[in-house]
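A look at the structure
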Amino acid sequence: MVDGLDRMGVPLVFERSVPGARTAMLPPLDVPEALPDDALLRAEPLPLPELAEGEVSRHYSALERRAFGVNNGFYPLGSCTMKYNPKLNEEMAALPGFTDIHPLQPVHTIQGCLAVMSRLDAILREITGMDAVSLQPAAGAHGEFAGVMMIKAYHERGGDGASRAKMIVPDSAHGTNPASAAMNGYTVVTIPSGADGCVDIAALRQAVGPDTAGLMLTNPNTLGLFDPNVAEITRIVHGAGGLCYYDGANLNAIMGITRPGDMGFDVAHLNLHKTFSTPHGGGGPGGAALCCKAFLSGYLPKPMVADSDGALSLDDDRPLSVGKVGAFYGNFLVCVRALCYLLSLGGDGVALAASNAVLNANYLMRKLASPDDIAYWDGDSPRARAHEFVLSMKKMKSETGVSALDLAKGLLDKGIHPPTMYFPLIVDEALMFEPTETESRATLDAAAEAFLDMVRQARDDPESLRAAPRSTPVRRPDEVRAARNPILRYQG
Ligand SMILES: Cc1ncc(COP(=O)(O)O)c(C=O)c1O
């Protein structure tokens, strides 16, 4: 008996020998000459576990309770933009017209899907001030790597690929920036941040030269500071013949307000899973948009969506392209979610989301820290932060012995995901908070109270924090030992 068709149109048969269990069996394939019966075809159905739906549901719910997400509580993981992902995105991404396609389907049958990519591409160009977009990279770091490949290909074509061997990266950068440069064969030149936490212009002027391939920068930077000299910075690098790469991980602070393209950047990636509310996923369901100015568009990964009088196609004929950097055309369903988010917010909504992200970060910062503990706080002319801020627990550690790590672990017992720890590297005992725009004032107040409570605990009973967390499925691991001597095993 046939119970329906699977996504590829293959009939599905379900065996009902066990009450409540449904074991899927494919009917015998009608291709005996292709698969010899005796040698390759399975004689008996695969013994898949037979469980009632209720048991499976309990199993996954139990697993879910062991993990922590924005649906469980406050998640101020700095630099990661753990904003709420609206359910509407998921509903749109689950539409059969989007899910029941095959990557090798003829393009005239996937015009709607290509239109999604084309529309997203147009909106992202508008938001970034760039001229062309590839949606192929699967993560921010992947976009960076591909972006630096483009810079390299550009210099090679210009004939100075060999001499332009250095990539300039500020010391506040995310580790993926120097990693992307090094993996492309560049020597990384680190320039220091000035006393204000921004790029030291004098050091930059000294670093640039005929060997400069480019500069990689995020703005606002990882201290949550918007660099007011950004136009000057990109001018200096261009003046030396280098290109400017924008790490868009922090675009949530400025989207709809100011644009990397207008700041002088030539190439940029956007983390769709941070800024545009698609799920985070380590190289899995993540996604990045790689954007560039027109003069670099030929170097973008291929294929690109092409429009010929309204007929959309995938253009592979791109001789300058750095090639394919992912399977087919990227994580398409991530693009559906990002487009859904952008269309739900609209132009004004995008800018409002950024403004609220900035407001929430500054509100939380003022509630939980004294200026002494805010990294790069200039007492004479304190500057507001963008969407995130960094505290230094150095003073607390010297007074109580309680470290940033201890405080982060303590937050777990209060149902709060810890902020990012020990990053950026230029701040001692760093805790980086990014509340995002989707948290209410009540949540921020409660989080601030929980943190301040812990600070009091650190002073009154420091030992108690060293043993935290006490309420999580995994307590405090010996992280150094775990990294040096990992025990990797499958637990059934
Ligand atoms: C500033 C910055 N750049 C780059 C990345 C890398 O992005 P992804 O995690 O998507 O690879 C991150 C990630 O946290 C980041 O914070």
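Relevant structure appears above.
This part covers the overall build of the chain. Counting secondary structure elements, the chain contains 17 helices and 15 strands. In terms of C-alpha radius of gyration, the chain reaches 26 Å, essentially the compact-globule figure of 23 Å for 492 residues. In the chain, once contacts between residues fewer than 6 apart in sequence are set aside, the share between residues at least 24 apart is 68%.

Attention now moves to the site of the ligand. Neighbouring the ligand are 13 residues, the closest being Ser-79, Gly-140, Ala-141, His-174 and Ala-249. Among the residues making up the shell around the ligand, the classes are represented as four nonpolar, eight polar and one charged.

As paired elements, strand E5 (residues 166-170) and strand E6 (residues 187-191) share five bridges and run parallel to each other. Bridging across to E6, Val-169 finds its partner in Thr-190. Note that the unit made of E5, helix H7 (residues 176-183) and E6 has a crossover that is right-handed.

On to the packing of helix H5 (residues 111-128) against helix H12 (residues 332-368). Running from N to C, H5 and H12 point in directions that differ by 45°, and their axes come no closer than 9 Å. In terms of orientation, H5 lies oblique with respect to H12. Where H5 crosses over H12, the handedness of that crossing is left-handed. Residues Cys-113, Val-116, Met-117, Arg-119, Leu-120, Ile-123 and Ile-127 of H5 form the contact with H12, whose participating residues are Phe-332, Cys-335, Val-336, Ala-338, Leu-339, Leu-342 and Val-350. For the contact of H5 with H12, the residue count by class is 13 nonpolar, no polar and one charged.

Attention shifts here to the sheet that holds E5. A sheet is described by the order of its strands in space; here seven strands give the open sequence E4-E10-E9-E8-E7-E5-E6, paired in mixed fashion. On the outer flanks of this sheet lie strand E4 (132-134) and E6, each paired with one strand and no other. Recorded for the sheet is a direction-independent mean angle of 20° between the axes of neighbouring strands. Taken strand by strand, helix H9 (residues 230-239) contacts strand E7 (212-217) and strand E8 (243-247), and its axis lies near 165° from that of E7.

We now examine H12. Taking 1.5 Å of rise per residue, 37 residues should cover 54 Å, yet H12 covers just 40 Å from first to last C-alpha, more than 12% shy of that figure. Of all bends in H12, the biggest is about 100°, found at Gly-346.

Burial within E5 is extensive, with five of its five residues counted as buried. Side chains of E5 alternate between two faces, with Lys-166, Ile-168 and Pro-170 and Met-167 and Val-169 buried alike. As judged from the three bridges shared by E5 and E7, these two strands associate in the parallel manner. Bridge pairing in E7 places Ile-168 opposite Leu-215.

Conventions we followed
- Residues numbered from 1 in each chain as written.
- Predicted model: local features only at pLDDT ≥ 70, side-chain atom pairs only at ≥ 80, totals over all residues.
- Helix = DSSP H or I, 4+ residues; strand = E, 2+ residues; numbered from the N terminus.
- Rg over C-alpha atoms; globule rule 2.2 N^0.38 Å.
- Contact = placed C-beta atoms within 7 Å.
- Near = placed C-beta within 6 Å.
- Nonpolar A, V, L, I, M, F, W, Y, C, P; charged D, E, K, R; others polar.
- Pairing = 2+ DSSP bridges.
- Right-handed = clockwise from strand over helix to strand, strands pointing away.
- Axes fitted to C-alpha atoms, helices over the stretch in contact; angles between N-to-C directions.
- Parallel < 35°, antiparallel > 145°, perpendicular 65-115°, else oblique.
- Left-handed = near helix turned anticlockwise from the far one by under 90°.
- Expected span 1.5 Å × (residues − 1).
- Bend = angle between axes of the 7 residues up to and from the residue.
- Buried ≥ 20, exposed ≤ 12 C-beta atoms within 10 Å, placed from the backbone.

What is shown is where atoms sit, not what they do.
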